[in-house]
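# Analysis of the macromolecular model
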Amino acid sequence: MPATEFLAPSTLEEALGALGGDDTHLLGGGTALALLLKTGMVEAARVVWLGRVAELRAITELDGELRIGAGVTLHTLSSSPLVRRHCPSLARAAGLAANIRVRAVATLGGHLVHADPRQDCPPVLLACGATVHLASTAGERALALDEFLVSFLETAILPTEVLTYVHVPIEPGRREAYVRFTPGSEDDFPTVGAAVALRADDAGALTDLEIGVGAVGARATRHRPDPALWRGRPCTAPTARAIGAAVAADVAPAPDHRRSARYRRHVTGVMVERALSDAWGAAPLPGTATDPSPERGAGALHEH
Ligand SMILES: Cc1cc2nc3c(=O)[nH]c(=O)nc-3n(C[C@H](O)[C@H](O)[C@H](O)COP(=O)(O)OP(=O)(O)OC[C@H]3O[C@@H](n4cnc5c(N)ncnc54)[C@H](O)[C@@H]3O)c2cc1C
């Protein structure tokens with residue numbers, strides 16, 4: 001077998017220039033790719049490690065969005081003050097994934113491109129309306145995460161593209177939650193993960209609702225239950241139960257050797273109900289424009 005060439009570019013431009021062939025692979029933290037290479041599911045003539053591209057490791061608050069570099073590790077995501085402030089359910093999901101050894105190296109870019117439906121961050125990013133930004137030598141494009149995720153281990157990325165940033169809208173007033181059910185050990189992949197992003201008016205009635213579900217079907221999915229079930233109402237227990245049932249009816253569970261489709265559907269309803277209850281009880285997210293927090297600078301706010 002020919003030796004694998006290992007490149008470690010220090011700029012995005014260099015990284016893009018190294019891409020092209022079918023047997024060239026980008027490397028983030030390597031927690032997924034290393035297993036695929038080891039088992040022979042993937043062959044690589046060239047591996048391009050993105051760990052030295054500094055711009056991809058930054059988290060920035062800019063123009064009403066949180067811009068998260070693809071090279072940010074799950075551990076950094078879970079502990080970032082900016083992420084905790086503007087998308088606390090993402091910080092929570094990243095902090096629940098796997099174990100500290102994996103989180104210390106696994107990157108958000110590798111997480112999303114690997115597209116294992118059981119991963120923790122996609123349901124949150126779907127509920128919060130995230131977009132992924134892709135770059136190639138031909139230019140840049142942005143896709144809603146819902147369009148980016150195609151199926152099991154499959155996304156819309158091209159072999160010539162690098163996932164550069166994930167943008168999450170900053171929405172003062174949004175309330176969020178992420179819950180997951182892991183009947184095995186705590187650091188196992190979830191059987192079901194459910195994320196909720198909601199808004200309510202001054203009278204305490206729901207005005208917006210987005211739900212993300214992971215680990216149930218071939219990919220993480222976004223759900224917008226019929227507004228007749230919830231709009232204009234407080235999120236009481238019966239309302240949360242009705243919404244949970246609607247999402248459970250909407251998912252397409254993939255049975256495996258451990259859990260039946262019926263079981264996964266049932267647990268989906270329960271987890272959505274719990275996420276709704278958590279989000280309803282959460283504090284509304286703070287604003288940015290009129291925010292006097294000393295954390296804010298005059299322009300963009302950066303974290304590395
Ligand atoms: C023991 C174990 C337990 C785990 N448990 C969980 C869990 O409970 N919850 C959970 O969510 N996840 C879990 N994971 C999965 C983990 O989240 C993923 O393996 C990880 O997120 C992948 O990130 P990475 O940076 O290591 O990706 P890599 O292995 O580096 O790459 C994965 C794929 O993405 C491509 N890629 C990487 N970066 C980019 C980029 N910027 N642009 C384009 N393509 C890119 C690679 O070419 C490869 O195809 C677990 C993993 C392990 C090993």
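Treat the numbers as computed from the prediction; the structure is a model and nothing was measured. (Residues numbered from 1 in each chain as written. Predicted model: local features only at pLDDT ≥ 70, side-chain atom pairs only at ≥ 80, totals over all residues. Heavy atoms only, no water.)

## Examining the sheet that holds strand β3 (residues 46-49)
In space, the three strands of this open sheet follow the order β1-β3-β2, with parallel pairing throughout. One side of each edge strand has no neighbouring strand; the edge strands of this open sheet are β1 (5-7) and β2 (24-27). Strand-to-strand twist of the sheet, defined as the mean angle between neighbouring strand axes without regard to direction, takes the value 20°. Looking at chain direction, β1 and β3 are connected through three bridges and run parallel. Bridge assignment links leucine 7 to a residue of β3, and that residue is valine 48. (Pairing = 2+ DSSP bridges. Helix = DSSP H or I, 4+ residues; strand = E, 2+ residues; numbered from the N terminus. Axes fitted to C-alpha atoms, helices over the stretch in contact; angles between N-to-C directions.)

## Topic: the pattern of salt bridges
Throughout the structure, instances matching the rule amount to eleven salt bridges. Arginine 46 serves as the salt-bridge partner of glutamate 5, at 2.9 Å between the closest nitrogen and oxygen. Of the two residues, glutamate 5 is situated in strand β1 and arginine 46 in strand β3; the sequence distance between them amounts to 41 residues. Overall, the relative accessible area of 26% leaves arginine 46 in the partly exposed class. Of the charged contacts in the structure, one is a salt bridge between aspartate 208 and arginine 199, with a shortest N-O distance of 3.9 Å. A single network of salt bridges, built from pairs that share partners, joins Glu171, Arg174 and Glu176. (Salt bridge = Lys/Arg side-chain N within 4 Å of Asp/Glu carboxyl O. Buried < 20%, exposed > 50% of the residue type's maximum accessible area, 1.4 Å probe, protein only.)

## Some points on the environment of alanine 200
By the secondary structure assignment, alanine 200 is in strand β12 (residues 192-200). Sequence separation between alanine 200 and glycine 173 is 27 residues; the distance between their C-alpha atoms is 8.0 Å. Setting aside anything within four residues of it in sequence, one finds alanine 200 in contact with Arg175, Ala205, Leu206, Thr207 and Trp280. (Contact = heavy atoms within 4.5 Å.)

## Some points on the packing of helix α10 (residues 237-250) against helix α11 (residues 261-281)
Running from N to C, α10 and α11 point in directions that differ by 140°, and their axes come no closer than 8 Å. With respect to α11, the axis of α10 lies oblique. As for how α10 packs across α11, the hand of that crossing is right-handed. Seen from α10, the contacting residues are Ala240, Arg241, Ile243, Gly244, Val247, Ala248, Ala249 and Asp250; seen from α11, they are Arg265, Thr268, Gly269, Val272, Glu273 and Leu276. Among the residues forming the contact of α10 with α11, the class breakdown is seven nonpolar, three polar and four charged. (Parallel < 35°, antiparallel > 145°, perpendicular 65-115°, else oblique. Left-handed = near helix turned anticlockwise from the far one by under 90°. Nonpolar A, V, L, I, M, F, W, Y, C, P; charged D, E, K, R; others polar.)

## A closer look at the packing of aromatic side chains
For the coordinates displayed, the defined rule picks out zero aromatic pairs. Residue placement shows arginine 67 over the ring face of tyrosine 165; its charged tip is 4.1 Å from the ring centre. Just above the ring of phenylalanine 189 sits the side chain of arginine 118; from NZ or CZ to the centre is 3.7 Å. (Phe/Tyr/Trp six-rings, centres within 6.5 Å; stacked < 30°, edge-to-face > 60°. Lys NZ or Arg CZ within 6 Å of the ring centre and 35° of its normal.)

Spatial relationships are all this shows, so hold off on functional conclusions.
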